[in-house]
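A structural walkthrough
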Amino acid sequence: MIRHHLSDDLLTGYSAGTLPEAFNLLVATHVSLCDECRARLGALDAVGGAVLDACETVPMADGALAATLARLGEAPEPVVVETPAAIFPAPLRDYVGGDAEAVRWRAVGGGVRQAILKTSSAASARLLYIPGGMAVPDHGHRGTELTLVLQGAFHDETDHFARGDVETADEDLEHTPTAMPGEPCICLAVTDAPLRFNSLIPRLLQPFLKI
Ligand code: ZN
Ligand code: ZN
């Protein structure tokens, strides 16, 4: 039961193809888990298509239609085999090249681990592993931070977030995300600006951790 969804702005940006790569990855991963956002995205894609239809038409090369139709006949539907115990939904698995066990985690203190994903420099993406009951150091945000829960759950000053939920944080929020006791919490977090840490140690480590 997903309670925290993507904003219209994000879905519109995704539909129009204007988001940085890191945000695209998070949106695609959430949409693969969330029927509601998938339906909203479908509606936005239809609007985008209608806008394109209203634009001036461009003449196509001779035979382009026939070639396109011929290709339609060839391509078999890709079969997506869902591993029952998969933590990463398909878009993220494709990106990482495997599930959570394929990730090369690095310790960042307090039992918390992270892995930076390679994306274009406009925004950054990382996977976070927070042992049950442990916290990410409290911090503020210079831009937008989206955190998608993939396993377990965390809570902070605003609410509780479980698998599929997305927390959207901006300049106005200072928080200390803390994993619920029990299962480790694994998240995908994307940011378009570095975080602002409130205590000295994370601030000193920040350039090395690239968060
Ligand atoms: Zn959603
Ligand atoms: Zn944050």
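Scope of this entry: the structure provided in the associated data block. (Residues numbered from 1 in each chain as written. Chains lettered and ligands numbered in written order. Predicted model: local features only at pLDDT ≥ 70, side-chain atom pairs only at ≥ 80, totals over all residues. Heavy atoms only, no water.)

Here's the deal with the nonpolar core
In terms of nonpolar packing, the biggest core is built from 33 residues, with Leu-6, Phe-88, Leu-127, Leu-150 and Leu-188 touching the most fellow members. For this core, the leading source of residues is helix 2 (residues 21–33), giving six residues. Every residue in contact with Leu-127, bar those within four places of it in the chain, is listed here: Phe-88, Leu-92, Val-96, Val-103, Trp-105, Arg-113, Gln-114, Ala-115, Leu-117, Leu-150, Cys-187 and Leu-188. Counting residues in each nonpolar core, the second largest holds eleven residues, with Phe-154, Ala-179, Cys-185 and Cys-187 among its members. (Core = buried A, V, L, I, M, F, W, Y, C linked by side-chain atoms within 4.5 Å. Buried < 20%, exposed > 50% of the residue type's maximum accessible area, 1.4 Å probe, protein only. Helix = DSSP H or I, 4+ residues; strand = E, 2+ residues; numbered from the N terminus. Contact = heavy atoms within 4.5 Å.)

Comments concerning the packing of helix 1 (residues 8–16) against helix 2
Contact pair helix 1 / helix 2: the axes reach a minimum separation of 10 Å and the direction vectors enclose 105 degrees. Of the possible angle classes, the one that applies to helix 1 and helix 2 is roughly perpendicular. Contact residues: helix 1 offers Leu-10, Leu-11 and Tyr-14, while helix 2 offers Phe-23, Asn-24, Val-27, Ala-28 and Val-31. The residue makeup of the contact of helix 1 with helix 2, split by class, is seven nonpolar, one polar and no charged. (Axes fitted to C-alpha atoms, helices over the stretch in contact; angles between N-to-C directions. Parallel < 35°, antiparallel > 145°, perpendicular 65-115°, else oblique. Nonpolar A, V, L, I, M, F, W, Y, C, P; charged D, E, K, R; others polar.)

Regarding the coordination of the zinc ion (ligand 1)
Only His-5 (ND1), His-30 (NE2), Cys-34 (SG) and Cys-37 (SG) from the protein coordinate the zinc ion (ligand 1), and they sit 2.1 to 2.3 Å from it. Counting residues between consecutive donors of the zinc ion (ligand 1) along the chain gives the motif H-x24-H-x3-C-x2-C. Of this pair, His-5 sits in the segment before helix 1 while Cys-37 sits in helix 3 (residues 35–54), and the two are 32 residues apart along the sequence. (Donors = N, O, S within 2.8 Å, 3.2 Å for Na, K, Ca; no water.)

Some points on the coordination of the zinc ion (ligand 2)
The protein atoms that coordinate the zinc ion (ligand 2) are His-139 (NE2), His-141 (NE2), Glu-145 (OE) and His-175 (NE2), at distances of 1.9 to 2.1 Å. Taken together, the four donor atoms coordinating the zinc ion (ligand 2) span angles of 89 to 139 degrees at the metal, a pattern that classifies the geometry as irregular. Since its relative accessible area comes to 3%, Glu-145 is described here as buried. (Tetrahedral: all angles 85-135°; square planar, octahedral: opposite > 155°, others 65-115°.)

Brief notes about the side chain of Thr-29
Note that Thr-29 resides in helix 2. Of note is the side chain of Thr-29, whose polar atom sits 2.7 Å from the backbone oxygen of Leu-25. Among residues more than four places away in sequence, those in contact with Thr-29 are Pro-89, Pro-91, Leu-92, Leu-148, Leu-150 and Leu-188. (Polar contact = N/O pair within 3.5 Å; in protein donor to acceptor, adjacent residues only side chain to side chain.)

Topic: the environment of Leu-41
Along the polypeptide, Leu-41 turns up in helix 3. The class of Leu-41 is buried, set by a relative accessible area of 8%. For Leu-41 and Thr-12, which are 29 residues apart along the polypeptide, the C-alpha to C-alpha distance reads 7.6 Å. Excluding its chain neighbours within four sequence positions, the residues that come into contact with Leu-41 are Leu-11, Tyr-14, Ser-15 and Val-31.

Structural notes on the pattern of salt bridges
Once the charged atoms of two side chains with opposite charge are near each other, the side chains can pair. Counted according to the given criterion, the structure contains four salt bridges. Taking the shortest distance from any N to any O, the salt bridge between Asp-35 and Arg-38 comes out at 2.4 Å. Residue Asp-35 and its partner Arg-38 are both found in helix 3; the two are separated by three residues, about one turn of the helix. In this structure Asp-35 comes out as exposed when scored by relative accessible area, which is 56%. (Salt bridge = Lys/Arg side-chain N within 4 Å of Asp/Glu carboxyl O.)

Focus on the side chain of Glu-167
Among the structural elements, Glu-167 can be located in strand 8 (residues 166–169). The charged side chain of Glu-167 is buried without a salt bridge, its nearest counter-charge being Arg-126 at 10 Å. Excluding its chain neighbours within four sequence positions, the residues that come into contact with Glu-167 are Glu-145, Leu-146, Thr-147, Phe-154, Asp-156, Thr-158, Phe-161, Leu-173 and His-175. (Lys, Arg positive; Asp, Glu negative; His and termini not counted.)

Nothing here speaks to function; it is all geometry.
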